[in-house]
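Structural characterization, general
Below are the chains, spelled out letter by letter.
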Amino acid sequence: MQQLFARVYLVVLAGVLLTACTSPASSPNSGTVRIRWARDPENLDPLIVSNASAYEVANLTHCSLLMGRESVHDFVPWLAEEFPTVQRPNDSLLLVTYRIRPEATWDNGSPVLAHDVALTLKVMNCPGLPIEKDQAVYGFIRDIQLDSADARRFTLVCQGQSPEHIRTSGDFSILPEYILDPKKQLRAVPLPAMLRAPILPAVQALAQRYQALQVARHPENVPGCGPYTVTAWQSNRYLTLSRKKRWWADALAPAPAQLQAYPTKLVYQVIPDAATATLALRRGDVDVFALMPAAEFARLQQSAEDQKRLNFYTADSYEFATASFNVQQPMFRDAATRRALGLLFDVPALIKATQQGGALPSAGLISPRIKPYYNDSLPLPTFAPKQAVTLLQQAGWQRGATGQWTRPSKTGAAELLRFGISYRAGEPTFETIALQFRAAAEKIGIVVELRPTEQSVLSRQLREGTAEMSIRNFSGNPFSYDFTSLLHSRGIGADNTTRFSTPLTDRLIEQITSTEDATRKTRLLRKFQRVMAQEVPFKVLYFLQYRIAAARSIGQVPVSGLKPGYEAARIRPVQTAQ
Amino acid sequence: MRGQALLWHMARAAGATWLIVSVLFLLSHATIDPESQLRDTLENATHPSEAGQRAAATQQLLHRYGLDTPLFYTTWHPQVGWQWHGGQNQYHAWLTQLAHGNLGYSYQADAPVAELLAQALHYTLPLTLLAALLSVSAAVGLTVVLSYRPVGRRWFLRLAHTLQSLPLFLLALGLLLLFANPDALSWFPAFGLSSTAAAEAWQQPGIMLYQLTLPVASLVLSSFPALAIQLDGALQQEFTQPYTATARAKGASQARTAWRHALRNALLPLVTLLTELLPSIVAGSVVVEVIFALPGMGRLIADAALQQDFPVLLGGVGLVAFVRLVAQFMADILYSVLDPRFRIAA
């Protein structure tokens, strides 16, 4: 009996090993690039796109009219033939005219036309669908006028005059009319009529058709005109994008960078843990690991074995770490106090401790990498506790016998320089920054309490103005210099969590966003940085670097300072990955 | 009488389940601000000059998720006192849909919660069931075999105590770095389940077993010491009883005495530990699932908590709470089966 059990056991073991050895995961085809994702896209409905993974898939399967390109620091034509022409018929309207590339076609061979753009806008305004975000972002597009003489030309009627609207008006995925409205019933319904009550039968039918397609879980039901299609998706495991055999942009010679797509297959593996992902990269189970933690990246760079099999890249991002002051708190009302506290951050030490030296210190909220706009005459942040003491004294603070700082308040009572510093709980970088600041502050007698806080609670506190000081990362981009949400008086109660505003900065922000003259914009931006360096509503600590490690077998990886940190479609695998 | 007792037990379990999920619902909704979360999703999406648009969009989102009504039947306002809202409240709506077997829709995935739970269980159950089976087998087998071998038993207990003192994440990472590392032994995959789509149907269970080896080993190594130490203590206690001396005097070998006579009585204290395993089987292990990139229940619930996806969070935690109550009920029955002196009493 025992012998029988032993034999059965051996047969099972042999079967397991045999099948394991034939695992398809270890033998990718040539042209395949395997990329690590920390998070599943969760929802691939182009109307929702709620995280970076979903955004990446949307950009590979669909095309927008325009695409932001980091290399030119602006939007470039993607599905559009060229940058749109703009007319301003009055003070409140903007007419943005596009023409779609004549080569652009859908998967069934039919051309991408202005009717597809009109239908997409109608979907984005269709009651019953998850259109809230689209309404918030693209609600300024009030109508679309089709050119009767040219099926590819159309004009978007936009509310408002902001130059930002020109670029935003071309930044949504175009959906196919032949799938969503095969009988072309919606052509008779003007865009402004979509949201009017009572809801028209054709609009109800569109909502039902869209919901029936279950795009959130089955993106293949609404194929875009991008180079890839989703061919496999196991939620929280992997997602595979396959290159279309015939994609319309293949006919373009030479194809501009935004219309290049080389890998035949992109396999995204969802691996939440960074240590596991590093191991998978070193074993050759994945080819690209982007946004790698600084310590892991430095360790791999120092390993002789890993230097042989991996390439290492860094890209200066537009994401920056800040310490923000709630300027409506009495102790942070004056700029001198804020400047003094800003001197207690040891930025070079923090860059070394949290980023392994891989970050750029900055004098302000524009990346030093953007040379024309960065105000390089401003000094970089310095760690100067003695100077901080002098500044505090200038601000009216006096150190008492207990060693703590006080000053008389408007009511006459003594105001104590004691505050809390809030940051997202479980974020080691923020915690290190807060600890360093507290240590420096305590040495000169300032009592600081650390307040790690759950994300939604922190958001509420920041919005309501109950947080005193906070540490956060802010994301920027090289296309837009609109600081309205962050620092304008109109942003208070929403994104302006410092609650800072002055008539001068409000005016500067408005001038920056409304000017299209590059020289004037440069001058205004430099002045704005100078004012910010004086006022210090938040202290910019450093701009982060994105770190990417990739297998040598896939060749050079085009990296980017914008998330996800690489351009997957432009990777040119040089040999079969093993 | 026994039927009545069973009915009472079931009614009590149902009541306790309702109480647990209700408290969970009210606590999760009352302590966390859904509006902040929704505002975050729209953050940077709009120009502040269109702040009205953003507020409208937030309201629409709250309405779509059913979060724009009062939380409970009554609310307290310092100015007006208690206010009664009738059936127009979030709790009533949620309880009504729950009574119809509908766990709701995930905010993030826009998919039915039941479907997401089923998907996660599809990955969790093979992992945890296999781990539980191996843990129990290893604990019972090794403990009984070594119970009458003093030297082996001593070393075995040392090992069990050492393993028990190690946190699960350390065990899992240790196994990963030892058996999935190109610098050490690269025998197993570094992350859980890669695509098996290209494999033949007959190959898929084998591939899955291979891919689950390290996660299962982590769970077994972390869960079997507690079972083994408990069982060893109970067995040694049984060996001091007169009936084992009688068995030995009648010529039964040490092995036969342990397996046939002492084990049944020694299993009694183990029943509680074994039934404790049941909710863990359903809940999965967030540590192992994150480290080995397995899309199971642990990760689903943890992600839902992180992203404040309330329907998924309540569905997952409610299921685990229900299974825990079932496990306690089963423990009561098992006690009465193993020892007739125990009876389920009303």
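Residues numbered from 1 in each chain as written. Chains lettered and ligands numbered in written order. Predicted model: local features only at pLDDT ≥ 70, side-chain atom pairs only at ≥ 80, totals over all residues.

For chain B, the name recorded in an unreviewed UniProt entry is ABC transporter permease, with Hymenobacter endophyticus as its organism. Quoted verbatim from the Subcellular location (unreviewed entry) field of the UniProt record, the comment on chain B reads "Cell membrane". Per its UniProt entry, chain B bears the Sequence similarities (unreviewed entry) comment "Belongs to the binding-protein-dependent transport system permease family." (UniProt positions renumbered as here; feature names shortened; annotations may be inferred.)

Labelled according to an unreviewed UniProt entry, chain A appears under the name ABC transporter substrate-binding protein, originating from Hymenobacter endophyticus. For chain A, the Sequence similarities (unreviewed entry) comment in UniProt is given as "Belongs to the bacterial solute-binding protein 5 family."

With that settled, the discussion passes to the overall build of chain B. Summing up its helical and strand segments, chain B has 14 helices and 2 strands in all. Buried residues in chain B amount to 35% of all 346 residues. Once local pairs closer than 6 in sequence are excluded, the contacts in chain B between residues at least 24 apart make up 66%. (Helix = DSSP H or I, 4+ residues; strand = E, 2+ residues; numbered from the N terminus. Buried ≥ 20, exposed ≤ 12 C-beta atoms within 10 Å, placed from the backbone. Contact = placed C-beta atoms within 7 Å.)

The helix and strand inventory of chain A stands at 18 helices and 20 strands. With respect to the principal axes defined by its C-alpha atoms, chain A has extents near 85 × 80 × 45 Å. Across the 578 residues that make up chain A, the buried fraction comes to 46%. Within chain A, counting contacts between residues at least 6 apart in sequence, those at least 24 apart form 67% of the total.

This brings us to the domain arrangement of chain B. Interface size is often expressed as the accessible area that is lost when the parts come together. Residues and elements named next belong to chain B. Here chain B is partitioned into domain 1 (2–99) and domain 2 (113–338). The C-alpha-based centres of domain 1 and domain 2 are spaced at 36 Å. Every element with two or more residues in the side of domain 1 that touches domain 2 is listed here: helix H1 (2–31) and helix H2 (34–41). The leading source of residues in the side of domain 1 that touches domain 2 is H1, at 10 residues. (Domains from an automatic or database assignment.)

Our next topic: the sheet that holds strand S5 (residues 93–99) of chain A. Residue and element names in this part refer to chain A. With antiparallel pairing, the 4 strands of this open sheet are ordered in space as S4-S5-S7-S6. Every other strand in the sheet has two partners, leaving strand S4 (85–87) and strand S6 (141–146) as the edge strands with one partner each. Sheet twist, expressed as the mean angle between neighbouring strand axes with direction ignored, is 25 degrees. Helix H3 (residues 114–123) rests against S6 and strand S7 (153–159) of the sheet, and its axis sits at about 160 degrees to S6. (Pairing = 2+ DSSP bridges. Axes fitted to C-alpha atoms, helices over the stretch in contact; angles between N-to-C directions.)

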